[in-house]
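Spelled out from the first residue to the last, the chains are:
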Amino acid sequence: MAERGARWLLFFSTLTSSAVVADKADKVRTFTPFRFSVEPVDTLAVRGMPAVLNCSVSSKAPVRVEWKKDGTFPNLAADDRRRLLPDGSLLISTVVHSKHNKPDEGVYQCVATIDTLGTISSRTARLTVAGLPRFSSQPEGVSVRPGGSEVLSCEVSAELAPFTHWERSGQAVETDSRLVQLPSGPLVISNASQADAGLYRCVIEGLGPAKSSEDAQLQVLPDKMSSGYFGHKNIFLSPVFKWHSDSECCKHSAADERMEVLLGPAAVTKAVGETVLLPCVVKGYPLPIIRWMLDGKVINESDGRFAVIGGGILQIMNLTESDAGTYICQADNGNETIETQAQLIVQVPPRFLKKPSNMYAHEAMDIIFECEVTGSPAPTVKWLKNGDAVIPSDYFKIVDQHNLQVLGLVRSDEGFYQCLAENEAGNIQASAQLIILDLDVSLPTSTVPSLTSATNDHVASGLGERSGPTPSPPRDVVASLVSTRFIKLTWRLPAEPHGENITYSVFYSLDGSSRERVQNTTAPGEMQVTIQNLVPDTKYTFRVVASNRNGLGESSTALTVATQPEVQVPGPAPNLQAVSITPTSVTLTWERPVTGNGEIQTYKLYYSEKGQDSEQDMDVVGLAYTMTGLKKFTEYSFRVVAYNKHGPGVSTEDLAVQTLSDVPSAAPQNLSLEVQNSRSIVVRWQPPPLGSQNGELTGYKIRYRKGGRKGEATELMTTQLSQLIDGLERGTEYSFRVSAITVNGSGPATDWLTTETFESDLDESQVPGAPSSLHVRPLVNSIVVSWTPPENQDVVVRGYSIGYGIGNPHAQTVKVDYKQRYYSIDNLEPSSHYVITLKAFNNMGEGIPVYESAITRPQSDPIDPDIDLFELFHHNPHTPVPDPSPMLPPVGVQASVISHDTIKVSWADNSLAKNQKITDSRFYTVRWKTNIPANTKYKVANTTTLTHTVMNLKPNTLYEFSVMVTKGRRSSTWSMTAHGTTFETLPTSAPKDVTVVSKEGRPRTININWQPPTEANGKITGYIIYYSTDVNAEVHDWVVEPVMGNRLTHQIQELTLDTSYYFKIQARNSKGMGPLSDTVQFRTPKAEPSDKMSSDQVGFHGTPGGRSPLPDHGFGSTLDKPGITGSQENHILVIVIIVSVGVFTIIAVVVGAFLCTRRSNSHQKKKRAACKPNNGSHKYKSTSKDLKPPDLWIHHERLEMKPIDKSPEPNPVMTETPIPRSQDPSSESGHPRRNSFRGHEIEESVSTLAGRKGVRPKIMMPFDSQPPQQSVRTQAPVPEPPVAPTQPPSAAELQHTEAVIKEEDPPSYKPPTAHVHPTHPMKSFAVPTVSVSAHNPPSSALPCTPLLAQPVPGAKTASIGTLSRVRAPVAVTVPSAPDQAETSKMLPQKETAYETDELSEEMAHLEGLMKDLNAITKA
């Protein structure tokens, strides 16, 4: 009974479990079919007409369809022109389009939605509205030869092309393989006939009223030229080229016409599967033959997709990717060949290699939607979720370029995901549905989602296996290891596992976030897991769930753990520097990182070569390292990472440095020699291998010599890859070698290569003669032919034509080079009679043939031996290479100046078509030079265009340019020259050879001389002279002297004696100032010239109040007592001098008094009593009485000093400068201060410097002319007292004078040595210099005799300076010195009268002076 009860219990339990499983199985939702059966496509609409964008959705559930335009949903309910059709299509009843209002044009997208499930979007489609009918170009009237081709242009926009067709004489033109309308509108007519003649026009229909272009007449020329061509074919077999002037073409005959490309192919982009037309319409006579090539290979027209229509248009249907490339159209009419080319790009729309799949998943899982696409260009992929773009974030990531990864699924992630791929050729989309199941529902095995490695074993085995209890929560969940970016969790077995093979899932999330992620243990029974890729210093919440065969159990209690903060690894090493010290080594230095926890253990230096992906490293101890073994002149990238006990720190930024350059390590490549004529050879080469150049190549060195002569090589330099060597000797062997040059020097040279110049220049105005001999040697299957060149060696031979055949020498033909002297005709039939012909040819045609016959050997003969043909025939002479026939030189050469160092050269080529498009392999050589200096060599550059910009020219320089064209072996002569002068720019060098010299006889004046700058870069408009006494002063603190014009000398006056001055100069032109020259130092002399020193060393001035005047003991001496200048050591000498002066003065007074008392009162007696010079030519003028007192003590202001230099001023003109000067007050008076020297007047100007000592002003005084006496004095410079402008002048100040008189005595100035002065024996101490003390000023003024008011023309003047304020100069007259040294008396015209009272007053002053002298003597 108990057993039966147990069975019933088991039966009911099974039923219950089955019911639960069935109930849970019902919870697994199925995927909903949801896709677009029709998607919109690009549409061309017509204004005013309706347009439809198709869209249809396939789904069993109700679908709501909407449309997006340019990314937004338009309000269709409020739009009466646009409405939604029942199938989901969009209808625009009337398209609106104008110039400023285009509401219907744009990008449209169909959006379908199933409520509660999600949304999908279709691919995008562009709606384009055809514009207003208009023509970009109108057809023009043309003429065509019968059988020729012509193009009638009619350019329209791409959207108008479908509405365009052609009419002839009012009837529509039916296009075919002969009449082709190109996609852009032009009509190509090929194989023209008289039926094609008529009026043509282009018509646009279907866009409202039809619009027609202008009519164009197509004229078919008469057939007489073509009949002449076909009736006389042989006249074109050997065309004769005739060269004319630039205004004429190169013509073959009267019927020939140069070929011209009317319409060539242009770069075009098409999609796979489309059809493309590549036009190539060429006209000319004879009619050209068109041939197409793809990437240099002839196109096989047997492929049905390729066809040449319309006389030369290449049509390619059903394009494939392999059709992309460069297409070359080659036209050849027997006289010339031209080529034109274009690029065809074939695009491939995106195509899915793998579409995303529908997925089931649980919450917290990580999934990946896969999407693999291909296309050309490479498509871009974006993801949509329920129609909205997926923005990458921490939980949505794009992986493996195109796949979408979703981390930590939540319920809201359900919906439709779409992969949208797009490129220029189109766009596609594919969608997949994501359904998230409850955790207690196992994932169906038939639709396993693409799980990540963290969740790939969390898939239950099936629904039918789930029964029984699930595990209880795991126990004791702890974080056993916490780091900055990972946490290790451990736990214990659940209390109730309910089975074996327990697995665990760890769910974790950011603290406070509802989105969980899950990671599973790697093996059953494992009770630990490490969660990676965490964020430092962030809180995470973890829970662990155990699973058995029945499913997930209960979750553990949530555990919140925070990751550790980032450890203090070293920061980047600051101030990383790299210096290249040799071509193979770099020294790197850096500093210790600022941040770091602990001592730096080591540094790791990473480096890589530029362009290389691999990076190498090495450990370094210290803060510097020298990397060796690097490649020369190569850029490297370096970075440094510091290591401490925590590991590697932060890397520095990459630092790029280039090793130093070196001489090239390899010779230039591919050296070749081409003999141009009997006098020149062209040398060509290629640069050394890139890895062995070791720097930027600055040029090449060519050495050549006569063959076999060592040590006599000629050397020249060039920057080009070829060089013409001319001026060689005829028929001479020359050897050449070339080496490359960098800034470091020249590298290894090539091996010597030898060639020989021609004996004479050859003629090509006629065809060559017959070869002088022809020999044959028959073998079994071949015949060896040998020959010698024509006897006339003066005619160019460009090659030989060999014809052969069985009984017919014209069956087959082969051409060989002019150097060839033998040829083996192979693949012949044995025992056969062959006739062989040989002809020499050049550009004029083929010469006279020679014939020979031979019978090949029978088959039974031995096999043909291997014959060394060179050994058989190498002794035969050969014909030198001729000069190719020239081409027309370029015309219209123009030189357009762009800047101070750049000129653009342009030209035209008459040998090109009218559109001047270059379609062949010709190139142009531009040469230029300047005629300064005269021996400047030409520089050349090659280009493949009709312009060339020449850079790095010299500023303000006239250049001449010429151009030549080269095609193959043919070259033109140089064109007419064009000239251009570069613009001016700032001088880039300073004036040179700056010298400073003292002016003779004037130590305060200097002459500064210089030479113009080497690089003036324009016309020099002036110079700026800077001078200062402080070489370290700022430039703005220097005195500035501008010099106008291009003068190279300048005079600066009134400098301070015994002072160092520093000078520098800069030049200026119309663009501005150049650099300063180097500083030049000059020290002014220590002493004035002897004529001025004489006036400085005069004896005494009278002092007021009966004071004794103090003697002047020379320059630079001082006395302790106020008012006395001298030294204590010379005190005795001073006393002796003073006593002598006193005695001398007493004698002079007595003599003077005696003479004056005996004077007569009559005027004639006064004249006779005066001292008269023996020449009697100079006289004093006066309006006063004739009384003349003794010279010495009455007129003590009058002094006589003989000049040092008798020569006149060598440079009487002085430079006026606008710089402000400190002027004497006297300069403001009405009398300009001038010195008169033998009739030459020199106007003085004062040039002062800040801080310069005061300059004593000068007044002019008369002097008596006395017989010369010799007196020797040694003087030193004395400091000049400061000027006191606020103190009124006293008599003592006025008596401190400085006299300068120029006379005709030989110069004797040699400072600072002794000077010889002629002086009056009674006037050496007549006017002593008194030093006035500031503490004891003179109390009264000594009266002085009035001076004459007006100067006498031609008389000499003296300049006398005072101690203090300046008085206006008083002009006086000074008689010239006598030519011979003798004593004579003065004879003035009018004498100055002296009354008795005046004489008594003078005597009183003289007594006071004697008292002062006696007092000094006693002291």
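Look a little higher up for the structure.
A. Highlighting a nonpolar patch on the surface. A cluster of nonpolar side chains, namely Val1139, Val1143, Ile1147, Val1151, Phe1154 and Leu1155, defines an oily patch on the protein surface of about 520 Å² accessible area. Take valine 1139: it is sitting in helix 5 (residues 1131–1157). Relative accessible area serves as the criterion here: at 35%, valine 1139 is assigned to the partly exposed category.

B. Spotlight on the state of the cysteines. Scanning the entire structure with this criterion turns up 4 disulfides. Covalently, cysteine 55 is tied to cysteine 110 through a disulfide, its sulfur atoms 2.0 Å apart. Here the disulfide of cysteine 55 and cysteine 110 is left-handed, its torsion about the S-S bond being about -75°. Here the residue cysteine 55 occupies a position in the loop between strand 3 (51–53) and strand 4 (56–59), and cysteine 110 occupies one in strand 8 (residues 106–114), the gap between them amounting to 55 residues. Each sulfur in the disulfide pair cysteine 154 and cysteine 202 lies 2.2 Å from the other.

C. Molecular detail of the packing of aromatic side chains. Tallying each qualifying case throughout the model produces 19 aromatic pairs. Ring geometry for phenylalanine 34 versus phenylalanine 416: centroids 5.2 Å apart, planes at 70°, classification edge-to-face. You can see phenylalanine 34 sitting in strand 1 (residues 34–38) and its partner phenylalanine 416 sitting in strand 36 (residues 415–423), a full 382 residues away along the chain. Judged by relative accessible area, phenylalanine 34 falls into the buried class, the value being 7%. Between the aromatic rings of tyrosine 959 and phenylalanine 961, the centroid separation amounts to 6.4 Å while the plane-to-plane angle is 35°, which identifies the pairing as tilted. Under the relative-accessibility criterion, phenylalanine 961 is labelled buried at 0%. Ring pairs connect the aromatic residues Phe369, Trp383 and Tyr417, which therefore count as one cluster.

D. Layout of the environment of tyrosine 504. When you line up the elements, tyrosine 504 lands in strand 40 (residues 503–510). The class of tyrosine 504 is buried, set by a relative accessible area of 1%. Sequence separation between tyrosine 504 and methionine 527 is 23 residues; the distance between their C-alpha atoms is 7.3 Å. Not counting chain neighbours up to four residues away, the residues in contact with tyrosine 504 comprise Pro474, Trp491, Leu493, Pro494, Gln519, Asn520, Thr521, Glu526, Met527, Val544, Val545 and Ala546.

E. View of the nonpolar core. Counting 34 residues, the largest nonpolar core has Ile367, Phe369, Trp383, Leu404, Leu409 and Leu434 as its most contacted members. Of all the elements in the fold, those that place two or more residues in this core are strand 29 (359–362), strand 30 (367–369), strand 35 (403–406), strand 36 and strand 37 (426–437). The leading source of residues in this core is strand 37, at 7 residues. Counting residues in each nonpolar core, the second largest holds 23 residues, with Val46, Val156, Phe163 and Ile189 among its members.

F. Main features of the sheet that holds strand 6 (residues 82–84). If you trace the 3 strands from one edge of the open sheet to the other, you get 3-7-6, paired in antiparallel fashion. Each edge of the open sheet carries a strand with a single partner, namely strand 3 and strand 6. Each adjacent strand pair in this sheet contributes to an overall mean axis angle of 20°, direction not counted. Relative to strand 7 (residues 90–92), strand 6 runs antiparallel, the two sharing 3 bridges. Counted as the bridge partner of arginine 83 is leucine 91 from strand 7.

G. Representation of the side chain of asparagine 403 in the model. Secondary-structure assignment places asparagine 403 in strand 35. Residue classification places asparagine 403 among the buried residues on the basis of a relative accessible area of 12%. Among the polar contacts made by the side chain of asparagine 403, one reaches the main-chain amide nitrogen of cysteine 371 at a distance of 2.9 Å.

H. Highlighting the sheet that holds strand 50 (residues 624–627). With antiparallel pairing, 3 strands are arranged side by side in an open sheet as 46-47-50. Lying at the two open borders of the sheet, with one neighbouring strand each, are strand 46 (577–582) and strand 50. For this sheet, the mean inter-axis angle between neighbouring strands, taken without regard to orientation, is 20°.

I. Up close: the pairing of strand 56 (residues 699–706). Of all 8 residues in strand 56, 6 are buried, a share of seventy percent or more. Sheet topology places strand 56 next to strand 59 (residues 733–742); 8 bridges connect them, and they run antiparallel. Opposite tyrosine 700, over in strand 59, you have alanine 740 as the bridge partner. In this structure, strand 56 lies alongside strand 57 (residues 714–718), joined through 5 bridges in antiparallel fashion. Across the sheet, tyrosine 700 pairs through a bridge with threonine 718, a residue of strand 57.

What counts as what
- Residues numbered from 1 in each chain as written.
- Predicted model: local features only at pLDDT ≥ 70, side-chain atom pairs only at ≥ 80, totals over all residues.
- Heavy atoms only, no water.
- Patch = residues over 30% accessible without salt bridge, like charges linked within 9 Å, V, L, I, M, F, W, Y side chains within 5 Å.
- Areas by Shrake-Rupley, 256 points an atom, 1.4 Å probe, with all protein chains shown as cover.
- Salt bridge = Lys/Arg side-chain N within 4 Å of Asp/Glu carboxyl O.
- Helix = DSSP H or I, 4+ residues; strand = E, 2+ residues; numbered from the N terminus.
- Buried < 20%, exposed > 50% of the residue type's maximum accessible area, 1.4 Å probe, protein only.
- Disulfide = S-S within 2.5 Å.
- Phe/Tyr/Trp six-rings, centres within 6.5 Å; stacked < 30°, edge-to-face > 60°.
- Contact = heavy atoms within 4.5 Å.
- Core = buried A, V, L, I, M, F, W, Y, C linked by side-chain atoms within 4.5 Å.
- Pairing = 2+ DSSP bridges.
- Axes fitted to C-alpha atoms, helices over the stretch in contact; angles between N-to-C directions.
- Polar contact = N/O pair within 3.5 Å; in protein donor to acceptor, adjacent residues only side chain to side chain.

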